[in-house]
Amino acid sequence: MDTSLALLDAVGARVRRCGADLCTRPADRLCGDIPEHLAGAMRSSVFYLAPLLCRVGYVRLPLPGGCRLGPRPVDIHLAGLAAMGAEVELEGIAVTLRRTGPLHGVDFTLRLPSVGATMTLLMAACCAAGQTVLRGAAQEPEIGDMIAFLSACGADIQGAGTPVLTVQGGRPLGGAFHRPLPDRIAAATYAAALACAGGQIEIAGCDPASYDSFLRFLAGTGVQVSRVGDCVRLARDPAVPLRGGAHLRADAWPAFATDTAPLAAAVLLTAAGASEIYDSLFANRFACAAGFAAMGATGAGIATVLSQWVNFLLMLLRMHINKIYNYNSANIPQSKLSCNLDSRFTIDLHNSFFQIFTAAVTAAVNVNNSHSFCIINYQITAAAQVY
């Protein structure tokens, strides 16, 4: 969040924390040059392309970083913006976009349902003149959340939840109050930790339908899963091994979420029997298989790593861990991870950081009425309550 706020400040946007809210107000003047050290800190910097291009007339973005999943090109973002009238110039490690006049509506087909590209083109379409039709658009819940926010600001977008989105561009955007969508991947992470460790847990505040495929996977391994409203209760006896033999394929929504593939691998490493996980989106999704091998895992079918944020999660949940090692260290000791959960926890998930960031960018950069402002409620509760 600190990096996001620093990036917003660097381009001239006015944003500040107001207790549990993030308040933005459009600036009179914005800068189209994104600092390299901030752009390289996270991939989300790519979401500045469309807003700054529309507001300033140009944007220079050092190719975004913050990702170890392998090549994640922004070609769909650039192709869509070029179709709307942007001039695209690639220069070494940076890309510069310019426009000589307003962007215009276009009928554009995405070559794959990229969430990031869909968001970029939605923002551009809201500011472009005329109608834009995006075909093959991503359908993840986060897309619907962005549409809800843009609509609250005054945008006219049809087709939420479908692969075809129609935007009537050129409408004035104003301020709004928005509560971003809870983080379904964080919810799945807590659920995966329970599956690995055993015990009981209740995850509240995140619609179970948003990570239904992962919950069904856990149920298939033997985890007890029950749903009540926006709560999920999970239980597992650590003395009873999980069932392996799973064959998972991660893909775009509504398939098994790619971000949950490493979590599923961590769960299946504690299960009886070999399992296979395929990811068709990211070439480097399972590049850290050595981390599991260092802890004693065998087999070439499952290739992933129990990442640092799962480590943090395990500690956050006060699990009793015999040994925790830094898997990114050049000298990884040969050890197995042993953990168990002997208490029950309630975890309230309020907002996704990714959604907070996207809403902040959209509000601070897209809104051009100096008398308007946006309030983004971003309560994030990471604490667990033992009972």
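Described below are features of the structure shown in this document. (Residues numbered from 1 in each chain as written. Predicted model: local features only at pLDDT ≥ 70, side-chain atom pairs only at ≥ 80, totals over all residues. Heavy atoms only, no water.)

The number of helices and strands found in the chain is 12 helices and 22 strands. In the chain, which comprises 387 residues, the share counted as buried stands at 51%. For the chain, restricting intrachain contacts to residue pairs at least 6 apart in sequence, the fraction spanning at least 24 positions comes to 69%. Carbon and sulfur atoms make up 52% of the accessible area of the chain, which totals about 16400 Å². (Helix = DSSP H or I, 4+ residues; strand = E, 2+ residues; numbered from the N terminus. Buried < 20%, exposed > 50% of the residue type's maximum accessible area, 1.4 Å probe, protein only. Contact = heavy atoms within 4.5 Å. Areas by Shrake-Rupley, 256 points an atom, 1.4 Å probe, with all protein chains shown as cover.)

Within the open sheet, the four strands sit side by side as 6-7-9-8. Their pairing is mixed. With one partner strand each, in any of the chains shown, strand 6 (107–109) and strand 8 (156–158) form the two edges of the open sheet. For this sheet, the mean angle separating the axes of adjacent strands, direction not counted, is 15°. Of the strands in this sheet, strand 6, strand 7 (130–135), strand 8 and strand 9 (164–169) are in contact with helix 5 (residues 115–127), which crosses strand 9 at around 25°. (Pairing = 2+ DSSP bridges. Axes fitted to C-alpha atoms, helices over the stretch in contact; angles between N-to-C directions.)

Bringing the pattern of salt bridges into the picture now. Taken as a whole and judged by the stated rule, the model has 10 salt bridges. A salt bridge links Asp2 to Arg17; the nearest nitrogen and oxygen atoms lie 3.4 Å apart. Of this pair, Asp2 sits in helix 1 (residues 2–10) while Arg17 is found in strand 1 (residues 14–18), placing the two residues 15 residues apart along the sequence. Note that Glu91 and Arg60 form a salt bridge whose closest N and O atoms lie 3.4 Å from each other. (Salt bridge = Lys/Arg side-chain N within 4 Å of Asp/Glu carboxyl O.)

As a further point, take helix 8 (residues 212–221). What helix 8 keeps buried is the set Ser213, Phe214, Leu215, Phe217, Leu218 and Thr221. For helix 8, the secondary structure elements touched by its buried residues are helix 7 (184–197), strand 12 (224–228), strand 13 (231–236), strand 14 (242–243), strand 15 (247–250) and helix 9 (261–268). Just downstream of helix 8, Gly222 is the residue with a positive phi angle, here 115°.

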